[in-house]
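Residues per chain, in single letters:
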Amino acid sequence: MTAYAIGRIRPEMMNEDVLRYIETIQATMDPFGGRFLVHGGGPVEVLEGSFTGDLVIIAFPDMERARAWYASDAYQEILPLRTRHIRADIFLADGVPPAYDAAHTAARLRTSAAL
């Protein structure tokens, strides 16, 4: 099942380290089948709540490969280029299968909550 690396990025300022990170991140993702779905650069249209910064979403074939990418020597080597200059919230999340139906989840939750 597809897994996602999701980040809310709040860049302080552009500099050579950040540019090098952006230039080299794809090469760290390639061995794990990672690809950008969203890569900042444009405003996020907020419909509810608030959001500041840029949004990044990277898809991986599964959670195992998403975790392996983040822990890889190649990614860990470039990670400080970002973390020294950019505040971010980064997390991994599993996707849902193609036939997912939220009504089934609601039924399960209803049963477990005894409503």
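Keep in mind it's a predicted model, so treat the numbers as computed, not measured.

Here we come to the overall build of the chain. Broken down by element type, the chain carries four helices and four strands. Ordering the α and β elements of the chain from the N terminus gives β-α-β-β-α-α-β-α. For the chain, the C-alpha radius of gyration of 17 Å lies well beyond 13 Å, the compact-globule estimate for 115 residues. In terms of overall dimensions, the chain has a C-alpha envelope of 55 × 35 × 20 Å along the principal axes.

Take the pattern of salt bridges next. One pass over the structure, following the stated rule, counts four salt bridges. The salt bridge involving Asp 89 is made with Arg 10; its shortest N-O contact spans 3.1 Å. Note that Asp 89 is positioned in strand β4 (residues 86–94) and Arg 10 in strand β1 (residues 3–11), a separation of 79 residues in sequence. Here Arg 10 falls in the buried class, since its relative accessible area comes to 14%. In the salt-bridge network here, residues are joined through shared partners; they are Arg 8, Arg 10 and Asp 89.

Further remarks concern the packing of helix α1 (residues 16–29) against helix α3 (residues 73–83). Following both chains from N to C, one finds α1 and α3 inclined at 155 degrees, their axes separated by 8 Å at the closest point. One element, α1, and the other, α3, form an angle in the roughly antiparallel class. In this structure, α1 meets α3 at a crossing whose hand is left-handed. Residues Asp 17, Val 18, Arg 20, Tyr 21, Thr 24, Ile 25 and Thr 28 of α1 touch α3, and the partners they reach there are Ala 74, Tyr 75, Ile 78, Leu 79, Leu 81 and Arg 82. When the residues that make up the contact of α1 with α3 are grouped by side-chain class, the tally is eight nonpolar, two polar and three charged.

The next thing to look at is the nonpolar core. One finds Ile 25, Ile 58, Phe 60, Trp 69 and Tyr 75 to be the most contacted residues of the largest nonpolar core, which totals 19 residues. Looking at this core, the elements with two or more residues in it are β1, α1, β3 (54–60), α2 (63–71) and α3. Ignoring any residue separated from it by four or fewer positions in sequence, one finds Ile 25 in contact with Phe 36, Trp 69, Tyr 75 and Ile 78.

An order of β2-β3-β1-β4 is seen for the four strands of this open sheet, with the pairing classed as antiparallel. Lying at the two open borders of the sheet, with one neighbouring strand each, are β2 (35–39) and β4. Taken pair by pair, the neighbouring strands of this sheet meet at an average axis angle of 20 degrees, ignoring direction. The strands touched by α2 are β1, β3 and β4; relative to β4, the strand with the most contacts, the crossing angle is about 155 degrees.

Quick notes on the rules
- Residues numbered from 1 in each chain as written.
- Predicted model: local features only at pLDDT ≥ 70, side-chain atom pairs only at ≥ 80, totals over all residues.
- Heavy atoms only, no water.
- Helix = DSSP H or I, 4+ residues; strand = E, 2+ residues; numbered from the N terminus.
- Rg over C-alpha atoms; globule rule 2.2 N^0.38 Å.
- Salt bridge = Lys/Arg side-chain N within 4 Å of Asp/Glu carboxyl O.
- Buried < 20%, exposed > 50% of the residue type's maximum accessible area, 1.4 Å probe, protein only.
- Axes fitted to C-alpha atoms, helices over the stretch in contact; angles between N-to-C directions.
- Parallel < 35°, antiparallel > 145°, perpendicular 65-115°, else oblique.
- Left-handed = near helix turned anticlockwise from the far one by under 90°.
- Contact = heavy atoms within 4.5 Å.
- Nonpolar A, V, L, I, M, F, W, Y, C, P; charged D, E, K, R; others polar.
- Core = buried A, V, L, I, M, F, W, Y, C linked by side-chain atoms within 4.5 Å.
- Pairing = 2+ DSSP bridges.

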